[in-house]
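Residue strings, one per chain:
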Amino acid sequence: AFVDAEKHAYFGTFRAAVTADGQKLALVDPEDPSRVDVWAADGSRLVGLVPDPAAITTGIGWADAGHLLTVAGGTLTAWSVPDGKAVSAVAGDYT
């Protein structure tokens, strides 16, 4: 799939986050920057998330080994991993 660099201001950037214990990697999909995939250290895919289908995911980080934080469309969301459920969201102008 082709990503339009004019449409996606973050085209060409690499957004990833590793848990403190090194057992999980979250990565914004370079072909679909609205999507975040989470992988285990053994290479298995744990979950795929789309925080906001209308916006690119501009930030990711781990609160702890079981909770991923994302910023998309100005909203900060905490996700439970690996079940992929949003446990908390704060709307704002986060970037």
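Residues numbered from 1 in each chain as written. Predicted model: local features only at pLDDT ≥ 70, side-chain atom pairs only at ≥ 80, totals over all residues. Heavy atoms only, no water.

K.L.:
Any chance you could break down the sheet that holds strand β7 (residues 75-80) for me, citing the residues and the numbers?
P.N.:
Taken together, the four strands give an open sheet; going across it, the order is β5-β6-β7-β8, and neighbouring strands pair in antiparallel fashion. The two strands at the open ends of the sheet, each matched to only one other strand, are β5 (57-64) and β8 (85-91). The average angle at which neighbouring strand axes cross in this sheet is 20 degrees, direction not considered. In the sheet, strand β6 (residues 67-72) pairs with β7 via six bridges, with the strands oriented antiparallel. Counted as the bridge partner of L69 is A78 from β7. (Pairing = 2+ DSSP bridges. Helix = DSSP H or I, 4+ residues; strand = E, 2+ residues; numbered from the N terminus. Axes fitted to C-alpha atoms, helices over the stretch in contact; angles between N-to-C directions.)

K.L.:
Provide a residue-level description of the pairing of β7, including the pertinent values.
P.N.:
Hairpin connection, β6 to β7: the antiparallel pair is bridged by two residues, and G73 has positive phi, about 60 degrees. Bridge count between β7 and β8: six bridges; the pairing is antiparallel. Its bridge partner lying in β8, W79 is registered against A86. The loop that links β7 with its antiparallel partner β8 comprises four residues; one of these, G84, has a positive phi angle of about 75 degrees.

K.L.:
So what's going on with the side chain of K24? Which residues, and what values?
P.N.:
One can find K24 in strand β2 (residues 24-28). There is no salt bridge for the buried K24, and the closest opposite charge comes from D21, which lies 5.8 Å off by N-O distance. There is a polar contact of 2.8 Å between the side chain of K24 and the backbone oxygen of A65. K24 has contacts with A17, V18, T19, V38, W39, L46, W62, A65 and V81, leaving out every residue within four places of it along the chain. (Buried < 20%, exposed > 50% of the residue type's maximum accessible area, 1.4 Å probe, protein only. Lys, Arg positive; Asp, Glu negative; His and termini not counted. Salt bridge = Lys/Arg side-chain N within 4 Å of Asp/Glu carboxyl O. Polar contact = N/O pair within 3.5 Å; in protein donor to acceptor, adjacent residues only side chain to side chain. Contact = heavy atoms within 4.5 Å.)

K.L.:
Just give me the short version of the pairing of strand β4 (residues 45-49), but keep the residues and values in it.
P.N.:
Pairing between strand β3 (residues 36-40) and β4: four bridges, direction antiparallel. If you follow V36 over to β4, its bridge partner there is L49. Linking two consecutive strands that pair antiparallel, namely β3 and β4, is a turn of four residues; a positive phi of about 95 degrees is found at G43 within it.

What is shown is where atoms sit, not what they do.
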